[in-house]
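# Topology and contacts: notes
Each chain is listed here by its residues.
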Amino acid sequence: MPSPYSAQSAHVNQALSDISFAAMNDDKTFIADRILPTYDADKISDTFFKFLTSHLIDEKTDRAPGTGHNFREFSWEEASYLIQYKDLAYKVPIEMLRNADEALKEAFAGAQFTAQGMLINKERECATLVQASANYATGHMFSAHNDMSRQWSDYTNAVKGKSPIKQIHSAALTIQSKTLISPREMVLVLGVDCWKALAAHPDLVGRLSGAQAAGANIMQALATLAELLNLKAVEI
């Protein structure tokens, strides 16, 4: 018999049956589907039509009495796609399922971790696609480093004329001039480090409340920033 007596010695430790802990990302933190929406195709490979942005420009609309209509033509091009299969599995031996404690929920936990793995991989592939210069036509990119003498995180030497707001506006205008899409339909995507530097920048700290910039209400902060920048949304 244990000596001295204690409350712990009077009990044989067992796994709790109604609780377990695991680190998981909330589904709202994954932004790939909001940036590059998924389209369900019937075929592994095929082609599709792309209407060119030139049809958005109304070059001539005035018409004199008695004259004919101002006719114009739509133009398009054909592009192709090839689906690449993705797969990730989790092996659960039947012996483990039979012997596992209730709180472990091996099959359920395995499905959750596998789904998280697929979503994380999709985020990484999305980041690679949107940052690859080869995916943009000539003149459709704005290089911020060519228009600033200070980094966003260099608050001591922050220059008003080279502020993040000015750079983001310039980038939006570059996109608009090439695609004819309004900034109100554009989404700004920031990395975590970039967001932290931007949220505490002197040009923004007075426009985002301290609680928002610190991340206490991140969704409200991003919505406020989108309004300030005249954009549809800001994603991290």
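The structure we're discussing is the one just above.
Residues numbered from 1 in each chain as written. Predicted model: local features only at pLDDT ≥ 70, side-chain atom pairs only at ≥ 80, totals over all residues. Heavy atoms only, no water.

## Thoughts on the overall build of the chain
This is how it is decided: Only DSSP runs of H or I with at least four residues qualify as helices, and only runs of E with at least two residues qualify as strands; both kinds are numbered from the N terminus onward. Only protein chains enter the accessibility calculation, which uses a 1.4 Å probe; a residue is then buried when its area is under 20% of its type maximum, exposed when over 50%, and partly exposed in between. Whether two residues are in contact is decided by their heavy atoms: any pair within 4.5 Å suffices. For the accessible areas, the method is Shrake-Rupley and the probe is 1.4 Å, while residue cover comes only from the protein chains on display.
Summing up its helical and strand segments, the chain has eight helices and four strands in all. The 236 residues of the chain split such that 18% are buried. For the chain, contacts bridging at least 24 residues in sequence account for 69% of all contacts bridging at least 6. A total of about 17,900 Å² of accessible surface is found on the chain, and carbon and sulfur atoms cover 55% of it.

## Side note on the environment of isoleucine 19
Within the secondary structure layout, isoleucine 19 lies in the segment before helix 1 (32-35). Using a relative accessible area of 40% as the deciding quantity, one classes isoleucine 19 as partly exposed. Between the C-alpha atoms of isoleucine 19 and leucine 104, which are 85 residues apart in sequence, the distance is 8.2 Å.

## Considering the pattern of salt bridges
In plain terms, the rule: One side-chain nitrogen of Lys or Arg within 4 Å of one carboxyl oxygen of Asp or Glu is enough to make a salt bridge.
Tallied over the full model, the rule gives five salt bridges. Lysine 86 is the salt-bridge partner of glutamate 125, the closest N and O atoms lying 2.5 Å from each other. Of the two residues, glutamate 125 sits in helix 3 (residues 106-131) while lysine 86 sits in the loop between strand 2 (76-82) and helix 2 (94-99), which places them 39 residues apart along the sequence. The class of glutamate 125 is partly exposed, set by a relative accessible area of 33%. Here lysine 86 falls in the partly exposed class, since its relative accessible area comes to 40%.

## Comments concerning helix 3
Think of an α-helix as 3.6 residues a turn; residues three or four steps apart then line up on the same face. Filter applied, for reference: Here the expected length of a helix is defined as 1.5 Å per residue gap, with one fewer gap than residues.
Here helix 3 is 26 residues long and its end C-alpha atoms lie 38 Å apart, about the 38 Å a rise of 1.5 Å per residue gives. For helix 3, every residue scored as buried is listed here: Glu106, Gly110, Thr114, Gln116 and Cys126. Looking at the packing, one finds that the buried side of helix 3 touches helix 1 and helix 2.

## Focus on the packing of aromatic side chains
Two measures describe an aromatic ring pair: the distance that separates the ring centres and the angle between the ring planes. Stated precisely, the cut-off is as follows: Working definition: a ring pair exists when centres of Phe, Tyr or Trp rings (six-membered ring for Trp) sit within 6.5 Å. Plane angles under 30 degrees give stacked, over 60 give edge-to-face, the rest tilted.
Under the counting rule described, the total for this entry stands at one aromatic pair. Consider the rings of phenylalanine 51 and tryptophan 76, whose centres lie 5.9 Å apart with planes at 65 degrees: the pair is edge-to-face. Residue phenylalanine 51 is found in strand 1 (residues 45-51), and its partner tryptophan 76 is found in strand 2; the two are separated by 25 residues along the sequence. When its relative accessible area of 53% is taken as the criterion, phenylalanine 51 is described as exposed.

## Quick notes on the nonpolar core
To keep it simple, the criterion reads: The definition of a nonpolar core used throughout is a set of buried Ala, Val, Leu, Ile, Met, Phe, Trp, Tyr and Cys residues joined through side-chain atoms within 4.5 Å.
If you look at the biggest cluster of nonpolar residues, it comprises 20 residues, and the most contacted ones within it are Ile168, Leu188, Trp195, Leu198, Leu225, Leu229 and Val234. Elements supplying a minimum of two residues to this core: helix 4 (164-179), helix 5 (192-199) and helix 8 (218-229). In terms of residue count, the dominant contributor to this core is helix 8 (five residues). If we skip the residues at most four places from it in the chain, valine 234 touches Leu188, Leu190, Leu222, Leu225 and Ala226.

## Focus: unusual backbone geometry
If you check the backbone angles, asparagine 230 has positive phi at about 60 degrees while not being a glycine. Along the polypeptide, asparagine 230 turns up in the loop between helix 8 and strand 4 (233-235).

## Some remarks on the side chain of threonine 174
The criterion, for reference: Under this definition, polar contacts are N or O atom pairs within 3.5 Å; protein pairs additionally need one hydrogen-donor-capable and one acceptor-capable atom, and for neighbouring residues in sequence, both atoms have to be side-chain atoms.
Residue position: threonine 174 is located in helix 4. For threonine 174, the side chain forms a polar contact with the main-chain oxygen of serine 170, separated by 2.9 Å.

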